[in-house]
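Here are the chains, one letter per residue:
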Amino acid sequence: MSSTAESAARPQSEKKLEQVESVVIRFCGDSGDGMQLVGTQFTNVSAAFGNDVSTLPDFPAEIRAPVGTPAGVSGFQLHFSSHDIFTPGDEVDTLVAMNPAALKTNIGDLRRGGTLIVNEDEFDKSNLQKAGYTTNPLDSEDIISKYTVHRVPMTRLNRDAVAGLGLSQKEVDRSRNIFALGLVYWLYDRDPKPTQQFLNDKFKKKPEVLEANIRALQAGTNYGFSTEAFTTHYQVPRARLAPGKYRKIAGNEATAWGLATAAHLAGKTLFFAGYPITPASDILHQLSNMKNFGVKTFQAEDEIAAMAAVCGAAFAGQIAVTASSGPGICLKGEAMGLGFMTELPMIIIDVQRGGPSTGLPTKTEQSDLLLAMFGRNGDSPLPILAACSPGDCFTLVQEAVRIAVEFMTPVIFLTDGYIANGAEPWRIPKFADLQPIQVTHPQGKLSSGQFEPETNGQATNGNGEGEHKFLAYQRNDKMARPWAIPGTPGLEHRIGGLEKADITGNVDYSPLNHHKMVNNRVNKVAGIANHIPLQEVVGPATGKLLVLSWGGTFGAVRTAVENCLAQGKSVAHAHLRYMNPFPRNLGEILKNYEQVLIPELNTGQLRLLVRAKYLVDAQGLNKIYGKPFLVHELVRKIDEMLESK
């Protein structure tokens, strides 16, 4: 938390209000304590005020881990600022811990001198034992000397605030998180009105619960104002964001909106088939609420059925999409191959998580790049795009749809748990500014012996009567075959997973035909490189070090490189969004730097691809903690590589 100015002198009855540039807050408690809710509310309020915001939700994989244990701790970190930010922050400025387990698992991230707010009522013998403490850590000199500690009896104060409403003690204690939220709202000079409106909407049919939460919110604010423990509160001014209308958006939410928008731009129906899996399920949830936009959703009995349904919907002429995470993508592999063989447009979304197998279902990772590249039998390369931030999901998934329909191929769209669950301010685009998506279907037979001019066909009877056979695999200049709608008169053709004859699409097992068709499909995907943007570089065009990143590492890498550039270091940053094929100028860019560093949340998958394709001795920085990179980790590695030369 960096201070820039102090407010003018205030009356003695008011506490000091200090301006700061940015703040990192983390709420943490038991998974039943509502930490995700209060974190989201603080994010919404900060975004509505005009701050730039970046968030990192963190929750356990278990639906309900044992109460009060470290395994059951849920957290929500947010970074809000008066200037552009790209990460949820490295060190935490203010930590709100609702119980001993939350303190134990999160105290290591609180910066020295930071603010620690705890619910001291929960630090009893039972909860201390569950957390693995033999003594109360709040009495430890190690904590008292390092941090500004506020021991707040939240449980008791909250019960006093909501007394007399006829609620059970369990129902009363559910609003402790709102008490904590009210206190932090006061500490950072936030307007509680959006949260009050949220509570009104959420509990309008439960007036007693609504009143309890309103009282809890006000009680938390009043405590901050009246207690002698807090002598200062803080204000983060508005950020200088580009003009426009903004809202907070999360990655899965942006993906869903991007898909619905792409279908509208293409003038098509969006069909989504999926099977629930963390952390991709919210895409299905979001799209299921968009029936008014003509979106059709289908929850299949398993991942295989979902992928097969998408193949069918694509054959029927719809914008067909599925979403899953690593284990589900493995199950979809065979039907993805069917989509590739039939050359039908469809989108396969992989929201990556920690693996292998069930792995770390609620943690982030980038370990599915090689799965996306090679996870199907036969030579079956697919275009791969990877979003770099929550808001980028909206734009890039539309690009995935455009590539799919333009080149008649399935497209893999990669995000990860950090992007999917994280949120940032997003400027709502004007519809007129969105890139159109052109879809053309052969029109088929109008009347006996007549076809539309753009229909590809050939006379078959030689008598001039106009009988035609539809050439299902005759390609255009982008090597894309026509997308014929089933049931269109005159466009009858065979479809399926067996090898196709060149041009006609009939089944053909001959060696020369198979060789040619494999190359046709492979070259089509490779040729997409001629129709995507050139790779951009931030920093000097030549120099000592290029940092090459992809996916959710964007924010941390960009911040680290900008910090190094500000210190005059010879470093540049290139962030990939097109993973297959790579941008056609990437090889030339790599040659312009003495060293290449590739940070990844895996063991080095992009590094493997770059070394193989460009014969560049790229070095890796690999982290597999289930958490995103911290900026200082990257800066340290950059310095090491620069000093080694």
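Since this is a predicted model, take the numbers as computed values, not measurements. (Residues numbered from 1 in each chain as written. Predicted model: local features only at pLDDT ≥ 70, side-chain atom pairs only at ≥ 80, totals over all residues. Heavy atoms only, no water.)

**Points about the domain arrangement of the chain**
One frequently used descriptor of interface size is the decrease in accessible area upon assembly of the parts. According to the domain assignment, the chain consists of domain 1 (2-235), domain 2 (247-433) and domain 3 (543-644). On a C-alpha basis, the centres of domain 1 and domain 3 stand 36 Å from each other. Counting residues at the interface gives six residues for domain 1, matched by 11 residues for domain 3. Counting each side, the surface lost to burial between domain 1 and domain 3 is near 590 Å², with a carbon and sulfur contribution of 64%. Counting every contact that joins domain 1 to domain 3 gives zero salt bridges. Linking domain 1 with domain 3 are two residue pairs in polar contact (both at pLDDT 80 or more), by the criterion used here. Its residues assigned to classes, the side of domain 1 that touches domain 3 shows two nonpolar, two polar and two charged. (Domains from an automatic or database assignment. Contact = heavy atoms within 4.5 Å. Buried area = accessible area lost by both parts, 1.4 Å probe. Salt bridge = Lys/Arg side-chain N within 4 Å of Asp/Glu carboxyl O. Polar contact = N/O pair within 3.5 Å; in protein donor to acceptor, adjacent residues only side chain to side chain. Nonpolar A, V, L, I, M, F, W, Y, C, P; charged D, E, K, R; others polar.)

**Comments concerning a nonpolar patch on the surface**
A contiguous nonpolar patch, built from L498, V507 and Y509 and spanning about 310 Å² of accessible area, is present on the exposed surface. Relative to the helices and strands, V507 is located in the loop between β21 (468-470) and α17 (511-527). On the basis of relative accessible area, V507 is assigned to the partly exposed category, the value being 32%. (Patch = residues over 30% accessible without salt bridge, like charges linked within 9 Å, V, L, I, M, F, W, Y side chains within 5 Å. Areas by Shrake-Rupley, 256 points an atom, 1.4 Å probe, with all protein chains shown as cover. Helix = DSSP H or I, 4+ residues; strand = E, 2+ residues; numbered from the N terminus. Buried < 20%, exposed > 50% of the residue type's maximum accessible area, 1.4 Å probe, protein only.)

**A word on the sheet that holds strand β25 (residues 593-600)**
Taken in spatial order, the four strands of this open sheet run β23-β22-β25-β26, and their pairing is parallel. Across the chains shown, the open sheet's two edge strands, defined by having one partner strand only, are β23 (571-576) and β26 (619-622). Direction aside, neighbouring strands of the sheet carry axes that sit 25° apart on average. Note: β25 against β26, four bridges, orientation parallel. Paired with I598 across the strands is G620, a residue of β26. Packing of helix α18 (residues 554-566) onto the sheet brings it into contact with β22 (543-550), β23 and β25, and relative to β23 it is tilted by some 165°. Contacts from helix α21 (residues 631-644) reach β22, β23, β25 and β26 within the one sheet, and its direction differs from that of β25 by about 155°. (Pairing = 2+ DSSP bridges. Axes fitted to C-alpha atoms, helices over the stretch in contact; angles between N-to-C directions.)

**Thoughts on the pattern of salt bridges**
What the rule picks out here adds up to 25 salt bridges. Here K478 and E406 are joined by a salt bridge, their closest N and O atoms 2.3 Å apart. Separated by 72 residues along the polypeptide, K478 in the loop between β21 and α17 and E406 in helix α15 (residues 390-407) bring together distant segments of the chain. A relative accessible area of 22% means that K478 is categorised as partly exposed. Notably, a salt bridge pairs R521 with E499, separated by 3.0 Å at the nearest N-O pair. Linking R521 in helix α17 with E499 in the loop between β21 and α17, this pair joins segments that are 22 residues apart in sequence. Assessed through its relative accessible area of 3%, R521 is described here as buried.

**Structural notes on the side chain of K15**
Structurally, K15 can be placed in the loop between β1 (3-6) and β2 (16-20). For the buried K15, no salt bridge exists, and the shortest N-O distance to an oppositely charged side chain is 6.1 Å, to E228. Reaching out from K15, the side chain makes a polar contact with the backbone oxygen of F225 at a distance of 3.2 Å. (Lys, Arg positive; Asp, Glu negative; His and termini not counted.)

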